[in-house]
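Coordinate analysis (summary)
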Amino acid sequence: MAQRISEKTIQEIAERISILDVVSPYVQLKQAGNNHKGLCPFHPDKNPSFVVNPERKTFHCFGCGVGGDIFGFFMKFHNVPFLEALRELGRQAGVRIEQQSSERDLQREESQRQALAANQLACRFYHDHLAEKTRGEIARRYLQQRGVQAESIAGFLLGYAPDSWDGLAQFLVRKGESPAMALSLGLILPRKSGTGFYDRFRNRLMFPILGTTGQVLGFGARALDDQGPKYLNSPESPLYHKGSNLYGLHLAQKSIRERDLVIVVEGYLDLIALHEFGFSHSVAVLGTALTAEQIQILQRYTRNFLLLFDGDDAGRKASFRNLPSFLERGISGRVVYLPEQEDPDSCLRKWGREPFQKRIDGALPLLDVFLDQQLGDTGKSLTVERKASALREVLPLINRIPDRLEQNLHIKALAERVGIEELFLREELADLTKRTKAGTALPKRIPTEETREPPEERMLCQILIQYPVLIPRFVESNVLESFSSHTVRVALAAILDVYREEDAVNLSRVLSLQTDPKIIRLLTSLSCREEFTREEATVALEDSIRRILRKGFQSRMILLNRRIAEAERNQQGDLQNRLFQEKQSLLEQEKTLLR
Ligand SMILES: [Zn+2]
């Protein structure tokens, strides 16, 4: 790792923060013995295979094999580099981070920090202008007209970009921001003639787009006059990527996890209306269809998606575009079509909460809607050509469903509806699988248990993580050198190193010293297993030591016997005698050690 932050700082943060506080905002956890269990946010998980051990501050998924400590979880979940995880968790723990970094890292870090600070300033500038008595009036009036409440203005940090050429540009200069930075964030633009800059957003209602930890990444802006396009967003920048950010996620993330459902809409004001009416588990896409990256972000919180779309032809077509990614990721996608010319905002304000909720409760599975559209209500009376073309559309989709049971149910239903033999559909599907296999190989499953590692070696490692007090006995047995698995040996050696230094097994410290993912996986999986009682552990420890020693003797004996036989063949009497003596002493050793 290029950044050098003192080990002490990292450990201080790890000690002060509970891993449950880091994980549970995003994963519903239930206590199970010493561990907490939940559905894994990193793979389609049906039975809770995601385990968190609060005592050792580790997590491990027994389904897909990911694991780590609080930093590992934060990095993976929020998709941020180590340093950002460290900084954010450090902030939560109240630990100051002093770092010595390489020049280049320092620069990158510094420019990231400056970019966030500049966006933050701009956000404040817009927000303050919305409150300004005369200048902000036009925007306040618009919000009032649309029924947006004061709490939403505060909660979503809504703002107003005043109708001036360089209000923000000048403000940023006064605050000491570099124009180059503001330019790269798309806040200002260079003047077409002469020198200097002017504001990108003028006389617009501003919607700051926040990241999951509350940083201002970019802005969406709605025109309040007829200058330029109705909606204008920040351009792609080092902070803002419209395809991988979602509007409102910052406020919705907790609710999405709690309700295990996310509602996806298209507009900023639609999103705000949903939150105002209690549908706080909603997010909005930013002028694009739902992208693969956005789906990936959302599926860390839930696998139940509900799309709100316009009921016209274009809206239906747009909704179907999400079907393939939903199906192959095992996401349950449902859809509600609103009456033509209406959007979630107008419906909510017209109907009120209850009728809207009813509408949502009646959401239909997207795949069913698609089938209906392809086959019509009277599937069986279709012409042969129509049936064939419908099947060509539908079968590739069914082919993407990873869950075999679910796939079977769909084949059955489809056969019934089209009036075709199920067997025929299965054959077609098998052909399709063969043809598409080369192109769309499924991600390789990570083996959850390294089956090549001897169980007694894993067991010893697990016991010593749980009962460091048994480490002296383990060291005395000298058994480590007889381990046959390199991975377990390195993992245990690391545990012993930390124990020697700290007189305890601080697992997050052990993990921080590892780079090999195999070793990290082993350590996290062992730390999240069912625990032994002290008595069980002592018995298992002795038992495992004996087994490993015995195996060690056996393999040395096999080797010796082979060499003796070889010496005999080559008629090397002296060597043969020496080897015999060696064998004798090995047998003696075995007797004393394994009595
Ligand atoms: Zn998993």
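Residues numbered from 1 in each chain as written. Predicted model: local features only at pLDDT ≥ 70, side-chain atom pairs only at ≥ 80, totals over all residues. Heavy atoms only, no water.

Structural notes on the coordination of the zinc ion
Tetrahedral coordination by four donors puts the ideal angle at the metal at 109.5 degrees, and octahedral coordination by six puts it at 90 or 180 degrees. Put simply, the test is: Only N, O and S atoms count as donors, using a 2.8 Å cut-off from the metal and 3.2 Å for Na, K and Ca, and because water is excluded some sites may appear unfinished. Any site counts as irregular unless it has four donors with all angles between 85 and 135 degrees, making it tetrahedral, or four or six donors with opposite ones more than 155 degrees apart and the rest between 65 and 115, making it square planar or octahedral. Numbering goes from the N terminus for both helices and strands, where a helix is a DSSP run of H or I of at least four residues and a strand is a run of E of at least two. Any residue under 20% of the maximum accessible area for its type is buried, any over 50% is exposed, and the rest in between are partly exposed; the area is computed with a 1.4 Å probe on protein chains only.
Within the protein, Cys40 (SG), His43 (ND1), Cys61 (SG) and Cys64 (SG) serve as the donor atoms for the zinc ion, at 2.0 to 2.3 Å. Every donor counted, the 4 donor atoms about the zinc ion form angles of 102 to 124° at the centre, which fits tetrahedral coordination. Along the chain, the residues that donate to the zinc ion are spaced as C-x2-H-x17-C-x2-C. Of this pair, His43 sits in the loop between β3 (35-38) and β4 (50-53) while Cys61 sits in strand β5 (residues 58-61), and the two are 18 residues apart along the sequence. Cys61 carries the same exposure label as His43, and that label is buried.

Quick notes on the domain arrangement of the protein chain
The criterion, for reference: Note: domain ranges come from an automatic or database domain assignment. Any pair of residues with heavy atoms lying within 4.5 Å of one another is described as a contacting pair. Defined here as a combined quantity, buried area equals the accessible surface (1.4 Å probe) lost by two parts on assembly, summed across both. By salt bridge we mean one thing: a side-chain nitrogen of Lys or Arg within 4 Å of a carboxyl oxygen of Asp or Glu. By the criterion applied in these results, polar contacts are pairs of N or O atoms within 3.5 Å in which, for protein atoms, one can donate a hydrogen and the other can accept it, and in which residues neighboring in sequence qualify only through two side-chain atoms. For this classification, Asp, Glu, Lys and Arg are treated as charged, while Ala, Val, Leu, Ile, Met, Phe, Trp, Tyr, Cys and Pro are nonpolar and the rest, including Gly, are polar.
The assigned domain composition of the protein chain is domain 1 (3-101), domain 2 (103-239), domain 3 (244-372), domain 4 (376-435) and domain 5 (448-591). The distance between the C-alpha centroids of domain 2 and domain 3 comes to 27 Å. Opposite the 22 residues of domain 2 that make contact, domain 3 presents 18 residues. For the pair domain 2 and domain 3, the two sides together bury roughly 1,700 Å², of which 63% comes from carbon and sulfur. Among the residues of domain 2 in contact with domain 3, Arg146, Phe156 and Thr212 are the three that bury the most area, contributing 37% of the side total. Linking domain 2 to domain 3 there are 1 salt bridge. The salt bridge involving Asp345 is made with Arg146; its shortest N-O contact spans 2.7 Å. The tally of links from domain 2 across to domain 3 stands at 7 residue pairs in polar contact (both at pLDDT 80 or more). Contributing elements (two or more residues each) for the side of domain 2 that touches domain 3: α7 (150-155), β11 (204-210), β12 (216-223) and β13 (231-233). Per-element tally for the side of domain 2 that touches domain 3: the top contributor is β11, with 4 residues. A per-class count over the side of domain 2 that touches domain 3 returns 11 nonpolar, 10 polar and 1 charged.

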